[in-house]
Amino acid sequence: MDEKLKVYDEKMTKTISNLNSDLAAIRAGRANPHVLDKLTVEYYGAPTPIQQVANIAVPEARMIQIQPWEKSLLKEIEKAINMSDIGINPTNDGSTIRLVFPELTEERRKELVKDVKKKGEAAKVAVRNIRRDGNEALKKLKGSEISEDGIKDLEEALQKITDKYISEVEKAVEAKSKEVLTV
């Protein structure tokens, strides 16, 4: 791959990994510890991810169990979960917090699929914006050390890279949609 295109390839890779982490946080009826990835608690004055202050286990298909290393963190973790957009009320038994995921209704599944598709569209737009930036940068090279044919070849290569990432986005969205709709 041409050095001039490497930057755009890396940016598109980051877009895909952002999409994948966003999709991992969407719950699909089964308990997925990744729904807690973006939650932080106040720990010795610093916001700290829950994974760094507690053991997180999935003892059953639809339950996450959070066991903080310090009992004093129970209330903090419970508060963080209540203030998040997870939409599940934690149950606190004095030593552990349990999140029980209810079965998703058909309506809720369809809403989640819409959300998944929205995130997919946003990722496609981001990839296309990166391509546009790349094409503009290539056009500025006109009249320099690269011939017009060379610039055309680079634009075609950039388009191929873009197509590859767009299809990756579509695959990720399709897989997550299927997972959400599976009862």
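Now for a quick tour of the structure. Since the structure is predicted, the reported quantities are computational estimates derived from the model, not experimental observations. (Residues numbered from 1 in each chain as written. Predicted model: local features only at pLDDT ≥ 70, side-chain atom pairs only at ≥ 80, totals over all residues. Heavy atoms only, no water.)

Overall, antiparallel pairing links the four strands, which are arranged β3-β4-β6-β5 in an open sheet. Of all strands in the sheet, those bounded by a partner on one side alone are β3 (54-60) and β5 (91-92). In the sheet, β5 pairs with strand β6 (residues 97-100) via two bridges, with the strands oriented antiparallel. When the bridges of β6 are listed, Thr 91 appears paired with Arg 98. (Pairing = 2+ DSSP bridges. Helix = DSSP H or I, 4+ residues; strand = E, 2+ residues; numbered from the N terminus.)

With that settled, consider the pattern of salt bridges. A side chain of one charge can pair with a side chain of the opposite charge if their charged atoms are brought near each other. Taken as a whole, this structure holds nine salt bridges when the rule is applied. Ionic pairing is found between Lys 124 and Glu 170, a salt bridge with its closest N-O pair at 3.1 Å. Placement of the pair is Lys 124 in helix α3 (residues 106-139) and Glu 170 in helix α4 (residues 148-181), with a sequence separation of 46 residues. Lys 124 sits in the buried class, given a relative accessible area of 12%. (Salt bridge = Lys/Arg side-chain N within 4 Å of Asp/Glu carboxyl O. Buried < 20%, exposed > 50% of the residue type's maximum accessible area, 1.4 Å probe, protein only.)

A word on α3. Given 3.6 residues per helical turn, the α-helix brings residues three or four places apart onto the same face. The terminal C-alpha atoms of α3, which comprises 34 residues, lie 49 Å apart, in line with the 50 Å expected from a rise of 1.5 Å per residue. Residues Arg 109, Leu 112, Val 113, Val 116, Gly 120, Ala 123, Lys 124, Val 127, Ile 130, Gly 134, Asn 135 and Leu 138 constitute the buried set of α3. Next to the buried residues of α3 lie α1 (3-24) and α4. (Expected span 1.5 Å × (residues − 1). Contact = heavy atoms within 4.5 Å.)

Further remarks concern a negative patch on the surface. Among the surface-exposed residues, Glu 148, Asp 149, Asp 153 and Glu 156 lie close enough to one another that they form a single negatively charged patch. Positionally, Glu 148 belongs in helix α4. Assessed through its relative accessible area of 57%, Glu 148 is described here as exposed. (Patch = residues over 30% accessible without salt bridge, like charges linked within 9 Å, V, L, I, M, F, W, Y side chains within 5 Å. Areas by Shrake-Rupley, 256 points an atom, 1.4 Å probe, with all protein chains shown as cover. Lys, Arg positive; Asp, Glu negative; His and termini not counted. Charge placed at Lys NZ, Arg CZ, Asp CG, Glu CD.)

We now examine helix α2 (residues 73-83). Taken residue by residue, α2 has Leu 73, Leu 74, Ile 77, Glu 78, Ala 80 and Ile 81 as its buried positions. Down the axis of α2, the buried set is contained in an arc of 160 degrees. They therefore lie on one face. Away from the buried face of α2 by more than 90 degrees, exposed residues Lys 75 and Met 83 are located. The inward-facing, buried residues of α2 abut β1 (40-43), β3, β4 (63-68), β5 and β6. (Arc of directions from axis to C-beta.)

Right, let's talk about unusual backbone geometry for a bit. Among all residues except glycine, the phi angle is most often negative; among peptide bonds, the trans geometry is most common. A positive phi angle, close to 50 degrees, is found at Tyr 44, a residue other than glycine. On the secondary structure map, Tyr 44 appears in the loop between β1 and β2 (46-49).

One can describe the packing of α1 onto α4 by two numbers: an axis separation of 11 Å at closest approach and a directional angle of 10 degrees. Viewed along their axes, α1 and α4 adopt a mutual orientation that is roughly parallel. Mapping the contact onto sequence places Lys 4, Leu 5, Tyr 8, Asp 9, Met 12, Thr 13, Ile 16, Leu 19, Asn 20, Leu 23 and Ala 24 in α1 and Leu 154, Ala 157, Leu 158, Ile 161, Thr 162, Lys 164, Tyr 165, Glu 168, Val 169, Ala 172, Val 173 and Lys 176 in α4. (Axes fitted to C-alpha atoms, helices over the stretch in contact; angles between N-to-C directions. Parallel < 35°, antiparallel > 145°, perpendicular 65-115°, else oblique.)

Further remarks concern the packing of α3 against α4. Running from amino to carboxyl end, α3 crosses α4 at an angle of 170 degrees, the nearest separation of the two axes being 9 Å. The pairing of α3 with α4 is recorded here as roughly antiparallel in orientation.

The next subject is the nonpolar core. Counting residues in each nonpolar core, the largest one holds 27 residues, and the members touching the most others are Met 12 and Leu 138. Those elements giving two or more residues to this core turn out to be α1, α3 and α4. With 10 residues, the top contributor of residues to this core is α4. With sequence-adjacent residues up to four places away left out, Met 12 is seen in contact with Val 127, Ile 130, Arg 131, Leu 158, Ile 161, Thr 162 and Tyr 165. Residues Leu 39, Ala 80, Ile 86 and Ile 88 belong to the second largest nonpolar core, which totals 20 residues. (Core = buried A, V, L, I, M, F, W, Y, C linked by side-chain atoms within 4.5 Å.)

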